[in-house]
Amino acid sequence: MKHDESMGPASGPGTAQRSSGPLAGVKVLDLTSVVMGPFATQILAALGADVIKVESPEGDNMRHVGPMMHPGMGHIYLHANRGKRSVVLDLKQPQAREAVLQLAERCDVLISNVRPKALARLGLDYDSVRERNPRLIHVSCCGFGQDGPYAAKPAYDDLIQGASGLPWLMSQYGAEAPCYAPVTLADRVTGLHAVYAVTAALYEREKSGVGQAVVVPMFEAMVQFVLGDHFAGLTFEPQNGDPGYARLLTAHRRPYETKDGHLCVLIYNDKHWKSFFTAIGQGERFESDSRFSSHTNRAKHIDQVYAYVAELMRTRTTAQWQALLDAADIPNMPMNSPHELLEDAHLNAVGFIRREEHPTEGPMRTIGNPTAWSRTPCRDLPPAPRLGEDSVAVLGELGWSASDIEALKNARGTTSPT
């Protein structure tokens, strides 16, 4: 099998744009699937990295979750995998594993969310791959830190939400029964940890000249996220009060019902409260009602404070409250649905939700990158690839001949779209 030591020019969708962004020139070998890892690697792609996504012959699970226009191109997959190149490699096949190792030799980062023991069985753990590339940053996104008793346990967003305390918090908040947040919160929070882990490790490598292994565990990431707000009385020894940040847990902390809808309002600091009472004709209340007169007092009486505002909000329409609150410089925002986000004036002004023509899926809406850069802006991501769309091109960059690639196809170790 021909083995070329240099990787040729990048090819595939978006090649012409791959030189832009703060991570231009960085190559990422992406062994992730579902949400956590793909969310992270799409951010890296937007920052300019060349992301090579390795998929099994069945493809990323999210390819198969509808709605979709064609099989294997589900909506979550489309939103989490733009700007990447898809290579199919069946890692049960020795030649396919060798192809991954050859890719690792030429990449700056290998990122996976395969359980570490399974990755080791494939010969793709850090100790194995650093023999081929000592400069490689090896990032393992997993359920749990690898020094504890949960190290080998499987992990999914729902499980980590539950283990880190979110359903308990929801029950304290007033839910009829413990429930999960209706977003893949643990996946996406951990994905953001993975992004900064990659970028910080790349910075360190510039100084040291060598790579390293980084473990990004979901459980610890979410416990940090939850306890940062809700450690409360458990912070102290001996315990000084119950766990939980009362302002976040009061049942009255919700979009306020108005005469004709709902409005999100946060009257937070002393200036806001003084302005609010003046606006509603109760200017003396800030001084006369001790429940409102300081941040500490409001925190002690947060249920009563929020209940008071909730009752008052029902007396005017949403538009009337928006006009009054805007004039008083009191923070408020509409309660949007996904449909309403499409029409949001700010999102449209900054071009955050965009329209594109996917080569196989047709016209679709896409989500922009939230960060703005003065000198090295994030690149416009090309559409998410079809399964195996770039298999032949990427293997060719490794120096594999047409007969080598055909032999791997015959062994069902790779594929390309028909």
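Residues numbered from 1 in each chain as written. Predicted model: local features only at pLDDT ≥ 70, side-chain atom pairs only at ≥ 80, totals over all residues. Heavy atoms only, no water.

### Comments concerning the confidence of the model for the chain
Then comes step 1: Taken as a whole, the chain shows an average pLDDT of 92; of its residues, 95% reach a score of 70 or greater.
Then comes step 2: Low pLDDT (under 50) marks residues 1-18, which in the prediction has 52 contacts with non-local residues, meaning those over four places away or in another chain. (pLDDT = per-residue confidence, 0-100. Contact = heavy atoms within 4.5 Å.)

### Some points on the sheet that holds strand E2 (residues 50-55)
Then comes step 1: Sheet architecture is open: six strands sit in the order E3-E2-E1-E4-E5-E6, paired in parallel fashion. Both edges of this open sheet fall to strand E3 (84-88) and strand E6 (212-217), since each of them pairs with a single strand only. Across this sheet, the average inter-strand angle for adjacent strands is 20°, counted without regard to direction.
Then comes step 2: Judged from the four bridges that link them, strand E1 (residues 27-31) and E2 form a sheet pairing that is parallel. The residue bridging Val 28 from the neighbouring strand is Val 51, located in E2.
Then comes step 3: Across the sheet, helix H3 (residues 94-106) touches E1, E2 and strand E4 (109-112), and the angle it forms with E1 is around 150°.
Then comes step 4: Where helix H9 (residues 218-230) meets the sheet, its contacts fall on strand E5 (137-142) and E6, and the angle it forms with E6 comes to roughly 60°. (Pairing = 2+ DSSP bridges. Helix = DSSP H or I, 4+ residues; strand = E, 2+ residues; numbered from the N terminus. Axes fitted to C-alpha atoms, helices over the stretch in contact; angles between N-to-C directions.)

### A short note on the sheet that holds strand E9 (residues 332-334)
Two strands in a sheet stick together by hydrogen bonds in their backbones, pointing the same way (parallel) or opposite ways (antiparallel).
Then comes step 1: Overall, antiparallel pairing links the three strands, which are arranged E7-E8-E9 in an open sheet. At either margin of the open sheet sits one strand with a lone partner, and together these are strand E7 (256-257) and E9.
Then comes step 2: Against the sheet, helix H15 (residues 318-327) engages strand E8 (262-265) and E9, with an angle of about 20° to E8.

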